[in-house]
Structures are given as C-alpha cells and as structure tokens.
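# A structural walkthrough
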Amino acid sequence: MKQSNIFFNRKQWLLFLSVAAGLFFSCTKTLNKAPDGRITLNEVFADSAKASAYLNTCYNNMPAKGTRYYFWCRGPVVWSDEAWDTDAEAEPTLSSGRMYSGNASAANHPATNISSDAGNGDYYARYWNMIYNCSYFLSRIQSVDGIQESIRNRWKAEAHVLRAYYYSELLKWFGAVLPIQSAPYNFKDDFSKLKKASYYEVVKFIMADCDSALAIPDLPWRITIAGEGGRVQKAMAEAIKSKMILFAASPLNNGGKNYWEEAYLVNKASLQNLRDQGYELYNKVNQPQTYLSDIAFIGPDKNEKAALYNEYFTQTMAYSATPVDKETIYQSRDGQGNIWDIDGIGAQDGYKSGTCPTQELVDAYETKDGQPILDLANPYIDEQHLRPNYNPDNKMYDPQNPYANRDPRFYASIYYNGSKRYCLWNFDEVKESPENYPGGKVQRTRIITTYVGEPQTGLDPAVRRATRTGYFERKFLHPTSSNNNPVGGANWKLFRLGEVLLNFAEAAAESGHSDEAYTAVNEIRRRAGMPDLPLGLSKEQLILRVRQERRVELAMEENRYFDIRRWTNPEGDLSKTDKWLTAAEIKRNTDGTYTYGRRLVRPTPRACYENKFLWLPIPLNEANILLSNTGQTWQNRGW
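Residues numbered from 1 in each chain as written. Predicted model: local features only at pLDDT ≥ 70, side-chain atom pairs only at ≥ 80, totals over all residues. Heavy atoms only, no water.

### Some thoughts on the overall build of the protein chain
To keep it simple, the criterion reads: The numbering of helices and of strands both runs from the N terminus, where a helix is a DSSP run of H or I of at least 4 residues and a strand a run of E of at least 2. Only protein chains enter the accessibility calculation, which uses a 1.4 Å probe; a residue whose area is less than 20% of its type maximum is buried, one above 50% is exposed, and one in between is partly exposed. Each accessible area is a Shrake-Rupley estimate made with a 1.4 Å probe; only the visible protein chains count as cover when residues are assessed.
What the protein chain contains, in helices and strands, is 19 helices and 10 strands. For the protein chain, with 639 residues in total, the buried portion stands at 60%. Accessible surface, the protein chain: about 23,600 Å² in total, of which carbon and sulfur atoms supply 49%.

Rendered as structure tokens:
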C-alpha cells in the first residue's frame, strides 16, 4: 500500500532538530545529535529540553500573512474584489497574474505552488506536517520526565491550539476534503480506511481542541512579556472557535443544515469570555503627535476617528500586562517589511504600489450619515459594474465629488485623488500638479532628497509604481514612512476583537437575534464615528448591513476572499463579485477641477470566478495517493 505524504513527510523514528538562537521558548541549548545530525524521537521525548524544542517545530509554519505572500503580494486581498495587484500586468507569471488569467491546476496552482516565504504557500503539505507534529507531541508529552506539571499542561494546551489553527486554515482554503487526525498515524495503519469528514465535523474537532486548551488553567489568556511573543493563548482559541463555527453555518459549508443558532451561542460565549479577560476595541489615539499632526492629516476635516483606525493598523502590539492595544488577539511573529516601497505608494522610489483598492471597495464605504452609496441587494445594474445602482435614500453622495462626506475608515484606508492635500506622502506637490489619473506626476521631491526624477502616481495599465484603479492602499502604511524614514509594516493581526464582534453580529442576525446583532455592529460603528444602523430593518436587510460592515471594517485584512466564498452556494460561482472589477476614471479639466467616472481595470474579465475557484485544489500528487489508498476521490470539484 502506498504511503500518503501528508502524514509522513519524514520518517517517524527520526527527527532532525536544529534549535536556532532566539526561539521564543526558553530552551536555547544545542541539542546532542548523532554523527549524522539526527536523533531518535525516543531520545527527544526522554529529555524535557528536547521535547520543548519539538513543540517549537509545531510553530514553524505559522504564516506571516499580509504582504508576505510570494513576491510581497497580499494574496487573498488582491485575489478577491477588494484590490488589484500591480504585478499582475507587470509580471503576469507571478501569482496574481496567473490567478487573473485562470492559469491554475491541481499540479501547479499560483496560490500554493510558490515560495513558502514567511509561512505562506504550499499550505496543504506544511499544515498537515504541523498537524502531525502537534498530534505526535500530544501523544508523547505526558510521559516526559523532569517537567513541572504547570509547564507540561501549558505545552499541551499550546499544541491543541496550534492543531486547531492549522486545521482551520486547511478548511478555509481547501474545504471539507480532510480526514480527522486525533492521533499521529503509524506506518502500519490501514490508510484504506481514511474517511472524509464533513465541514461541520472538522469544525467540531477544531472546537474540541480549543476547548481542551481553554480547560487548562496554565495556558494564559494574554501574552504579557516580549520573550514569549508569538506563543498562542486562550484568547486565540476563542477566536478560532468564533470564526470556524461561523464558517460551518455558512451556505457553502453547512451541507443544507442550519447551524446558525449554534454559531450564535458559541460566538456569544467566546465574545463574553474575551471581554471578561480585558479584550476591548482600540478606542484612543495614543500618538496624537504622529497621527493627528498636520503632516499626518487624515480626511478633509482632520478626523480623529480616521486617525484612530490608521494608528491601530500601523502599530505592532506590545506584549504587556497592561497593553495599549487590547484589541489584538494574536499577531504574526514576523513584520511586514518595507511596505512603503512595495505596497503603499510605489512612486516614492519608483518600485511598486502593489495593492490598489478597487472602485468596488470604495463604493462600499457609506457616507457619514450612515447611508450606503449603493443598493446593497443589487449594487450594480450591469455585469461589468459600470452602472452603479445608487441608493435612493442617500442624499449626501455626489458622483462628481465622490470622496466627500465618507465613513472615516475610508480616509484611513485608501489614498484617493486629492487626498494628498490632507496628508504627507513624503514628497511635495504644487496645486497645478496632476494626481491619480492617467499620466499624473508630482513635483520632484524636496523631502526625499536622494530621489532623482519625477515619481508617477497616475493610472497606468502596466507600470508597477502607478495605480491600476485610481487608488492606493493606506490602511497599513505609517503616515511618515519612506525610504528616508523606514517605518516597517506592523506585525499582521491574525485575530482581533473587532472580527469576533462581527462574527457574533452575523450569527445573531442569521439566527433571528436581531437586537444583539444591532448592538454588536453599532459598537464597531461608534468606534469608527459612524451612526447606528437604522431600526426596523428586515432580517434580510440586517444581514446585508452586517455583511457590508464586515467588508468595510475588515477591508484588506484577508477576510473578504473567504467571506464571499462561504456566502456562496456550493453550486454557485464568483461572477457577481470577482469577474469584472472597476477603477476610477478621472479627467482633469482645464480649470483644475476633475470629472469622475468608472472604467474597467482591464478590458478582459478575470478568469478566477468559476465554481472551482471556491476552493483550492488538493495538490495533484496527494490527491492521487489518497485515491489509490482509499478508492475515494478526494479532489475538489473542477480540479
């Protein structure tokens, strides 16, 4: 019988362990090794320090996410309808270019068959590897001598949380094509008996792992010292439960069953537990000298709520018993690098702007009176999104003055034509200088004195440093960052309380607990300086408003890619959201004013909207091995 690589990527009785300096556990000793550099697993679990190092390996594939996808790409953000990747045309053989052209197969998919820099890419093999390591650790750790019971218990809890996390990531990307591995597989096991579990069954297993961790007193709720930064904790277990039961209840995954009441109850408990442990929304500008200064001006009226939102996403959470940031539940161990250079405004040094928000995302931001711009049930009259279906109740929005009077989160998240008048891009311009439209250039910089030439900020179909859509991403870019002031991107916030609140709001709305859905959404909106949702919405209208709030509050945080999929029926596709994407069409008039319209980002549609793109394919080799061993077809439909 053939052996499946997903469970045995290395021989069970041998482990090659290297302990790098600076691992976040206290063990820093160099492990004794056999002459060939290997030691047996029995030797590993006969020694507490080596067992600790084995647990370290369970953290090896925690992804950095954010910009750390292949070639400094935002991955799911630019593969959804939120943004367009400037590399798609400049380098069409990179992941986004291939995704947009539909150049994907089970043998070679642009989302997975890429460099695994910072834990991204090759998810299937790497996450199964980690699941195996966690399971094996749990099977052996109880018998290790020389460990304080409190430490042993904490390690066991961490392994449960980590296994739950890796399973959740596999479910998000690949769907219900997984077996449940509660114990490590043995060479002698009969793999012909492997069974696919339903999505709900895997989620229940994930939740059980989280509950096992939550039941252990020795696992903390929050990491409070820098030396333990990156370790998982109870709050992450609650966040995983919150997300995954929501996914299980969603149309794509529920198998025709109604799990919304369960999703509501789980989320209500998780949210309350997090609040009881001191987690709360980030609610104060803590660096006004930076975020409310004249040079960091956000929005046309120096909006403090916009500054608050921008500050939260451009600061890395400090590990402390009394943290300033009480919203972040778990952040990546790795930073996001020089995003001012590769994912902000590429004109700063002529490289690339990376993530260009779409007109569709801009349309999602309400006016400040709380009215949506478009009819949420039917936002566009035509397939190509060139004819917006405006909300007749919105009296504040003017298509020829489109960026006035918007949700403060719009100003904190997106650079738009004219926004340079309100913030510093680290190069100067004069009044006559064109901005985010074809051929737009700014004056030669005076601040970045080493720059030679004129940076381009205009719309362009192929130039990396230009914008594809008329917009640049701002959300994660520190207001004073540049090559002369290299403020790197903050560590990625994998889980935060704002998302858990919206998970709860969605589950409450779907299960008929409308009052609680209102309360949760309004807490998010008040933090942003937006009015409460109007009372008297029908269940269907409330669900649409909750989904829209997710789109805005969680914009470009890698949620939209998965949300629009889980909200789709198994037989459906992404043609309404991902097939055609639009940009601002901006014309400068002779009197210095602008005329605004819409245009396609490119004249051909994206080809990654078909039904099969709801899931990633299982790598072809693995699918073939599973078929051979079990007689079942494990591959996702269409691949």
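Further notes follow.
### Here's the deal with the confidence of the model for the protein chain
The line we're drawing: Residue-level confidence of the predictor, termed pLDDT, takes values from 0 up to 100. Whether two residues are in contact is decided by their heavy atoms, any of which lying within 4.5 Å being enough.
Counting all residues, the mean pLDDT for the protein chain is 87, and 86% of those residues have values of 70 or more. Across residues 1-35, confidence stays below pLDDT 50; counting only partners more than four residues off in sequence or on other chains, it has 93 contacts.

### Things to note about the packing of aromatic side chains
The line we're drawing: Two rings belonging to Phe, Tyr or Trp (six-membered ring only in the last case) form a pair when the distance between their centres is within 6.5 Å. Interplanar angles under 30 degrees mark stacking, angles over 60 mark edge-to-face geometry, and anything in between is tilted.
Tallied over the full model, the rule gives 40 aromatic pairs. Where Tyr-200 meets Tyr-259, the ring centres are 3.9 Å apart and the plane angle is 0 degrees; that geometry is what we call stacked. With Tyr-200 in helix 7 (residues 199-214) and Tyr-259 in the loop between helix 8 (234-249) and helix 9 (260-276), the pair connects residues that are 59 residues apart, well separated along the chain. With respect to burial, Tyr-200 and Tyr-259 carry one shared label: buried. When the centroid spacing of 4.8 Å and the interplanar angle of 75 degrees are considered together, the rings of Tyr-312 and Phe-313 count as edge-to-face.

### Let's talk about unusual backbone geometry
A negative phi angle is the norm for most residues apart from glycine, just as the trans form is the norm for most peptide bonds. For Lys-65, which is not glycine, the phi torsion reads 55 degrees and is therefore positive. With respect to the helices and strands, Lys-65 occurs in the loop between helix 2 (48-57) and strand 3 (83-85).

### A few points about helix 11 (residues 304-313)
The line we're drawing: Any pair of N or O atoms that falls within 3.5 Å is considered a polar contact. Within protein, one atom must be able to donate a hydrogen and the other to accept it, and sequence-neighbouring residues count only if both atoms are side-chain atoms.
When you tally the buried positions in helix 11, you get 8 out of 10 residues, the bulk of the element. Inspection of helix 11 places Ala-306, Ala-307, Leu-308, Tyr-309, Asn-310, Glu-311, Tyr-312 and Phe-313 among the buried residues, and these make up the whole buried set. Close packing links the buried residues of helix 11 with helix 10 (288-291), strand 4 (328-331), helix 14 (408-413), strand 8 (493-496), helix 16 (514-527) and helix 17 (539-553). Two or three places before Lys-305, at the opening of helix 11, Asn-303 has a side-chain oxygen 2.8 Å from that residue's backbone nitrogen.

### Details of the pattern of salt bridges
Should the charged atoms of two oppositely charged side chains come close, the side chains can pair. Filter applied, for reference: Salt bridges are counted wherever a side-chain nitrogen of Lys or Arg sits within 4 Å of a carboxyl oxygen of Asp or Glu.
Following the criterion strictly, the structure yields 44 salt bridges and no others. Taking the shortest distance from any N to any O, the salt bridge between Glu-510 and Arg-547 comes out at 3.8 Å. Taken together, the positions of Glu-510 in helix 15 (residues 497-510) and Arg-547 in helix 17 put the pair 37 residues apart, joining distant regions of the chain. Assessed through its relative accessible area of 14%, Glu-510 is described here as buried.

### Quick word on the packing of helix 6 (residues 149-174) against helix 7
Rules: Convention adopted: a line fitted to C-alpha atoms gives each axis, helices being fitted over their contacting stretch, and angles between N-to-C directions are expressed from 0 to 180 degrees. In this scheme, roughly parallel covers angles under 35 degrees and roughly antiparallel covers those over 145, while 65 to 115 is roughly perpendicular and the rest are oblique. Helix crossings fall into two classes, left-handed where the near helix is turned counterclockwise from the far one by less than a right angle and right-handed where it is turned clockwise. Gly is placed with the polar residues, together with every amino acid not listed as nonpolar (Ala, Val, Leu, Ile, Met, Phe, Trp, Tyr, Cys and Pro) or charged (Asp, Glu, Lys and Arg).
Their axes nearest at 8 Å, the elements helix 6 and helix 7 cross at an angle of 160 degrees. Of the possible angle classes, the one that applies to helix 6 and helix 7 is roughly antiparallel. Along this stretch, helix 6 crosses helix 7, giving a crossing that reads as left-handed. Only Tyr-199, Val-202, Val-203, Phe-205, Ile-206, Asp-209, Cys-210, Ser-212 and Ala-213 of helix 7 make contact with helix 6, whose side of the interface consists of Ala-157, His-160, Val-161, Arg-163, Ala-164, Tyr-167, Ser-168, Leu-171 and Lys-172. Taken together, the residues of the contact of helix 6 with helix 7 break down into 12 nonpolar, 3 polar and 3 charged.

### Digging into the environment of Lys-493
Here Lys-493 is to be found in strand 8. Each C-alpha atom, one on Lys-493 and one on Gly-66, is 8.8 Å from the other, the two residues being 427 residues apart in sequence. In contact with Lys-493, other than residues within four places in its own chain, are Tyr-312, Phe-313, Gln-315, Met-317, Asp-325, Thr-328, Tyr-330 and Gln-331.

### Re the environment of Asn-303
With respect to the secondary-structure elements, Asn-303 resides in the loop between helix 10 and helix 11. On a C-alpha basis, the gap between Asn-303 and Ala-412 in space is 9.2 Å, while along the polypeptide they are 109 residues apart. Not counting residues within four places of it along the chain, the set of residues in contact with Asn-303 comprises Ile-298 and Pro-408. A polar contact is formed between the side chain of Asn-303 and the backbone nitrogen of Ala-306, at a distance of 3.0 Å.

### A closer look at the side chain of Ser-242
You can see Ser-242 is positioned in helix 8. Taking the relative accessible area as the measure of exposure, Ser-242 reaches 0% and is therefore buried. Residues contacting Ser-242, with those up to four places away along its chain left out, are Asn-267, Ser-270, Val-500 and Asn-503.

### Focus: the side chain of Arg-140
What counts is decided by this rule: Working convention for charge: Lys and Arg count positive, Asp and Glu count negative, and His plus the chain ends are omitted.
Along the chain, the position of Arg-140 falls in helix 5 (residues 123-140). Nearest to the buried, unbridged Arg-140 among oppositely charged side chains is Glu-43, at 10 Å. Of the polar contacts made by the side chain of Arg-140, one reaches the side chain of Asn-42; its length is 3.0 Å. With near-sequence residues (within four places) excluded, Arg-140 lies in contact with Leu-41, Asn-42 and Phe-45.

### Notes on the packing of helix 2 against helix 5
With their axes 9 Å apart at the nearest point, helix 2 and helix 5 run at an angle of 150 degrees to one another. When the interaxial angle is binned, helix 2 and helix 5 end up roughly antiparallel. Relative to helix 5, helix 2 is oriented so that their crossing is left-handed. Together, Ala-51, Tyr-54, Leu-55 and Thr-57 of helix 2 and Met-130, Asn-133, Tyr-136 and Phe-137 of helix 5 make up the contact between the two elements.

### Some remarks on the environment of Glu-169
Among the secondary structure elements, Glu-169 is positioned in helix 6. With 75 residues separating them along the chain, Glu-169 and Met-244 place their C-alpha atoms 9.7 Å apart. The residues touching Glu-169, leaving out its near neighbours within four places in the chain, are Lys-65 and Tyr-127. Side chain to side chain, Glu-169 and Lys-65 meet in a polar contact 3.0 Å long.

### A short note on helix 19 (residues 620-630)
Quick reminder of the rule: The arc in question is traced by the directions running from the helix axis to the C-beta atoms.
Buried within helix 19 we find Glu-622, Ala-623, Ile-625, Leu-626, Asn-629 and Thr-630. Buried residues of helix 19, seen end-on, are gathered within an arc of 165 degrees and therefore sit on one face of the element. On its buried face, helix 19 is in contact with helix 5. The positive-phi residue at the C-terminal boundary of helix 19 is Gly-631, with phi of around 75 degrees.

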